Amino acid sequence: MTGPVSAMGPAAGISGISAAPATRPPGATASPAGSFGDVVNQFFQATNSDQQASETAIRDLMQGKTDNIQDVVMTVSNAEMSFQFFMEVRNRVIDAWNELMRMQF
């Protein structure tokens, strides 16, 4: 019995496939990639924003401005995951730096 994939046969007739160049809509300009420092700074700003939103949600719950505990818990857990991810990235960067410092050139 042949399955649907084996019934297709080999792809012997396909050759010379190359990646198509990326196209942009007319009038769009190329966006610069930015430096590693810019990316880290944006990531830090996003993590900081999540932390501030978490603090605001907790404060609003304690002051009685909101009674939706589920939103507060979701905001706090989002901030916690964002912070944990930021710390893991920081640890990986430090490990990479230490590995570079151990290299002999």
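Residues numbered from 1 in each chain as written. Predicted model: local features only at pLDDT ≥ 70, side-chain atom pairs only at ≥ 80, totals over all residues. Heavy atoms only, no water.

1. Notes on the packing of aromatic side chains
Inference 1: Applying the stated rule across the entire model yields 3 aromatic pairs.
Inference 2: Seen in terms of ring centroids, Phe 43 and Phe 85 are 5.4 Å apart; in terms of plane orientation they differ by 85°. Their pairing is edge-to-face. On the criterion of sequence distance, the pair formed by Phe 43 in helix α1 (residues 36–63) and Phe 85 in helix α2 (residues 69–102) is long-range, its members being 42 residues apart.
Inference 3: Phe 43 gets classed as partly exposed once you look at its relative accessible area, which sits at 24%.
Inference 4: Here Phe 44 and Phe 86 contribute two aromatic rings whose centre-to-centre distance is 5.8 Å and whose plane-to-plane angle is 50°, an arrangement assigned as tilted. With a gap of 42 residues between them, Phe 44 in helix α1 and Phe 86 in helix α2 connect regions that are remote in the sequence.
Inference 5: For Phe 86, a relative accessible area of 16% corresponds to the buried category.
Inference 6: Among the aromatic residues, ring-to-ring pairing joins Phe 43, Phe 44, Phe 85 and Phe 86 into one connected group. (Phe/Tyr/Trp six-rings, centres within 6.5 Å; stacked < 30°, edge-to-face > 60°. Helix = DSSP H or I, 4+ residues; strand = E, 2+ residues; numbered from the N terminus. Buried < 20%, exposed > 50% of the residue type's maximum accessible area, 1.4 Å probe, protein only.)

2. Side note on the packing of α1 against α2
If you want to describe how two helices pack, look at the angle between their axes and the distance between the axes.
Inference 1: Running from N to C, α1 and α2 point in directions that differ by 150°, and their axes come no closer than 9 Å. Our classification of the angle between α1 and α2 gives roughly antiparallel. Between α1 and α2 lies a crossing of left-handed hand. (Axes fitted to C-alpha atoms, helices over the stretch in contact; angles between N-to-C directions. Parallel < 35°, antiparallel > 145°, perpendicular 65-115°, else oblique. Left-handed = near helix turned anticlockwise from the far one by under 90°.)

3. Here's the deal with the pattern of salt bridges
Inference 1: Tallying each qualifying case throughout the model produces 2 salt bridges.
Inference 2: Two residues, Glu 99 and Arg 102, come together in a salt bridge whose shortest N-O distance is 2.8 Å. With Glu 99 and Arg 102 both in helix α2 and 3 residues apart, this pair spans about one turn of that helix.
Inference 3: Among the residues examined, Arg 102 registers a relative accessible area of 56% and is labelled exposed. (Salt bridge = Lys/Arg side-chain N within 4 Å of Asp/Glu carboxyl O.)

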